[in-house]
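Chain by chain, the residues run as shown.
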Amino acid sequence: EKGNYRHFMAKEIHEQPEVIARTLGHYIDVGAGSIRDDTIPVDFSEVSRLSITACGTAYYAGLVARHWFERLARLPVDLDVASEFRYRAQIHPADELPLFISQSGETADTLASLRACKAAGQRLATIVNVPTSTMAREANVVLPTLAGPEIGVASTKAFTCQLATLAALAVKAGVDRGVLTRDNARGFVDGLVEAPRAVADVLHLEAEIERIARIIAPASTALFMGRGPSMAVALEGALKLKELSYIHAEGFAAGELKHGPIALVDDTVPVIVVAPFDDLFTKTVSNMEEIAARGGRIIAVTDARGAHAIGTTAEEMIVLPDAPAFIAPLVMTIPLQLLAYYAAIINGTDVDQPRNLAKSVTVE
Ligand code: M6R
């Protein structure tokens, strides 16, 4: 049921504070400031490599998480889209943990990849939202996202709950591998616990984001860029916009700007820059200046500290509340969902059921 919302997507965007909190509550002992061992039955001290496979938005969750596993747990991560992974000459080391991420748990390519690893004798884990799905049945370790049924074809709450689950998993990996002390882990857990409130704060900016969507809606191309985990968020933002509004959108690593995408920049092209005030911020601002110098229309998604430094380089800024850097990908995703949602409404497209798309891609 849509309740008071116009679309399932709007309802699902607004459910995020609640479902992220529910998902985190499953993996985190908030009182103790630690990860709950009982809900993550993986000992990462026995894992020397993680292999993440998924499609679409779920793949972008993996792309964010690679940064977390490397930084917090010094755990090497292989990552691929399932349609590529399944046809590669796969290598299945015994000390590798394959991890498959899927909202539906039925995506054909992801399931085929899972089965290939299983046939090779690997113990494997899956992050799924549908607990009765085929992938949940076939995996050795099932890590549920507790987002509840997602009806909108464009994934929103499933993605942020995947991020919440992956973040908890990365903290656990850090502790298991002796990279994080209990105190370090508590710092990350405390940051994670702030995510639902931070996401709720972003939702209060909805009217402002709707106004900014009017810049994007008439465009025929939009660019999204960021660095580090924000690159993955930019890719997800571009996917959301193209799915919902049918505007051509391309996401890329901000550092790639001069290697090609800058040729597309002119005063008709909105460039959405995901720029939290993190250790890569000044690099991203340099890229913004290069775009501004060529007349590009920058919409910066940043936080209060970032906004101060960006100043007039951006035509528009969506200024999010300051949040721990660790949870920035979760927080920065929300305005991109809303931009895509409102651009679609302005363009009159079918928000919950965009043309040519299926909720669950069960044939390749
Ligand atoms: O059910 P899954 O998470 O395996 O689905 C993967 C993709 O098909 C899915 O994320 C798709 O990209 C969405 N339409 C994105 O909004």
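Computed from a predicted structure; not experimentally measured.

Asks: Please provide a residue-by-residue account of the sheet that holds strand β10 (residues 270–274), values included.
Replies: Across the sheet, five strands lie side by side as β9-β8-β10-β11-β12; this open sheet has parallel pairing. What marks the edges here is a single partner per strand, and that holds for β9 (248–253) and β12 (316–320). Ignoring strand direction, the axes of neighbouring strands in this sheet form an average angle of 15°. Across five bridges, the pairing between β10 and strand β11 (residues 297–303) is parallel. Opposite V271, over in β11, you have I298 as the bridge partner. Packing of helix α10 (residues 206–216) onto the sheet brings it into contact with β10, β11 and β12, and relative to β12 it is tilted by some 150°.

Asks: Summarise the site of the ligand; cite the residues concerned and give the values.
Replies: The environment of the ligand is formed by 14 residues, the closest being S102, Q103, S104, T107 and E243. Calculation on the ligand without its partners gives an accessible area of 410 Å², and the protein chains cover 91% of this total. When contributions to the shell around the ligand are tallied by element, the ones reaching two or more residues are α3 (56–73) and α11 (229–245).

Asks: Before we move on, can you summarise the packing of aromatic side chains with the specific residues and values?
Replies: The final tally for this structure, using the stated rule, is six aromatic pairs. Between F188 and F326 the ring centres are 5.0 Å apart and the planes differ by 75°, which places this aromatic pair in the edge-to-face class. Of this pair, F188 sits in helix α8 (residues 182–193) while F326 is found in the loop between β12 and α14 (328–347), placing the two residues 138 residues apart along the sequence. Its end group placed over the ring of Y246, R355 keeps NZ or CZ at 3.8 Å from the ring centre.

Asks: Give me the sheet that holds strand β6 (residues 125–128): which residues, what numbers.
Replies: The parallel open sheet is built from five strands, whose spatial order is β4-β3-β5-β6-β7. Since the sheet does not close on itself, it has two edges, and those belong to β4 (77–81) and β7 (141–144), each with one partner. Across the sheet, the axes of successive neighbouring strands diverge by a mean angle of 20°, strand direction being ignored. Alignment of strand β3 (residues 49–54) against β4, held across five bridges, turns out to be parallel. Considered in β4, the bridge of T53 is made with D80. Each of β5 (96–102), β6 and β7 is contacted by helix α7 (residues 157–176), which is oriented at about 160° to β5, the strand it contacts most.

Asks: Let's hear about the pattern of salt bridges: which residues, and what values?
Replies: Taken as a whole and judged by the stated rule, the model has 22 salt bridges. Between D80 and R88 there is a salt bridge whose closest N-O contact spans 2.0 Å. When its relative accessible area of 16% is taken as the criterion, D80 is described as buried. With a closest N to O distance of 2.7 Å, K172 and D176 form a salt bridge. Residue K172 and its partner D176 are both found in helix α7; the two are separated by four residues, about one turn of the helix. What makes D176 partly exposed here is its relative accessible area of 23%. The network of salt bridges with common partners includes K11, E15 and K157.

Asks: Which residues make up the environment of I28, and what are the values?
Replies: Within the secondary structure, I28 sits in strand β1 (residues 28–29). Residue classification places I28 among the buried residues on the basis of a relative accessible area of 3%. In the structure, I28 is positioned 116 residues away from P144 in sequence and 13 Å away in space, judged by C-alpha atoms. Ignoring any residue separated from it by four or fewer positions in sequence, one finds I28 in contact with S34, I35, R36, V189, L192 and V193.

Asks: Account for the nonpolar core, naming residues and giving values.
Replies: Looking at soluble globular proteins, one finds that nonpolar side chains tend to be buried together. Formed by 100 residues in total, the largest nonpolar core has its most connected members in F69 and L166. Per element, the largest residue contribution to this core is 13 residues, and it comes from α14. Residue contacts for F69: discarding those within four places in its chain leaves L50, I52, R74, L75, V77, L166, L169, A170 and A173. Judged by nonpolar contacts, the second largest core, of 19 residues, contains L223, V271, A275 and A314.

Asks: So what about helix α12 (residues 281–293)? Which residues, and what values?
Replies: Between its terminal C-alpha atoms α12 stretches 19 Å, which fits the 18 Å expected from 13 residues at 1.5 Å a residue. Listed as buried for α12 are F281, T284, V285, N287, M288, E290 and I291. Taken from the residues just after α12, G295 is the one with a positive phi, measuring 80°.

Asks: Please provide a residue-by-residue account of the side chain of T156, values included.
Replies: Tracing the chain through its elements places T156 in the loop between β7 and α7. Excluding its chain neighbours within four sequence positions, the residues that come into contact with T156 are M9, E12, I13, Q16, E150 and Q337.

Asks: An account of the pairing of β3 is needed here, citing residue identities and associated values.
Replies: By the criterion of burial, β3 is predominantly enclosed, with five of the six residues buried. Pairing between β3 and β5: six bridges, direction parallel. Among the inter-strand pairings, T53 is bridged to a residue of β5, identified as F100. Handedness of the β-α-β unit built from β3, α3 and β4 comes out right-handed.

Asks: How would you summarise the confidence of the model for the chain if you had to cite specific residues and measurements?
Replies: Residues shown with low pLDDT carry predicted positions that ought not to be read at fine detail. Averaged over every residue, the pLDDT of the chain is 96; the share at 70 or more is 100%. Across the whole predicted complex the pTM is 0.97, and at the interface the ipTM reaches 0.99.

Cut-offs used in this document
Residues numbered from 1 in each chain as written. Predicted model: local features only at pLDDT ≥ 70, side-chain atom pairs only at ≥ 80, totals over all residues. Heavy atoms only, no water. Pairing = 2+ DSSP bridges. Helix = DSSP H or I, 4+ residues; strand = E, 2+ residues; numbered from the N terminus. Axes fitted to C-alpha atoms, helices over the stretch in contact; angles between N-to-C directions. Contact = heavy atoms within 4.5 Å. Near = heavy atom within 4 Å. Areas by Shrake-Rupley, 256 points an atom, 1.4 Å probe, with all protein chains shown as cover. Phe/Tyr/Trp six-rings, centres within 6.5 Å; stacked < 30°, edge-to-face > 60°. Lys NZ or Arg CZ within 6 Å of the ring centre and 35° of its normal. Salt bridge = Lys/Arg side-chain N within 4 Å of Asp/Glu carboxyl O. Buried < 20%, exposed > 50% of the residue type's maximum accessible area, 1.4 Å probe, protein only. Core = buried A, V, L, I, M, F, W, Y, C linked by side-chain atoms within 4.5 Å. Expected span 1.5 Å × (residues − 1). Right-handed = clockwise from strand over helix to strand, strands pointing away. pLDDT = per-residue confidence, 0-100.

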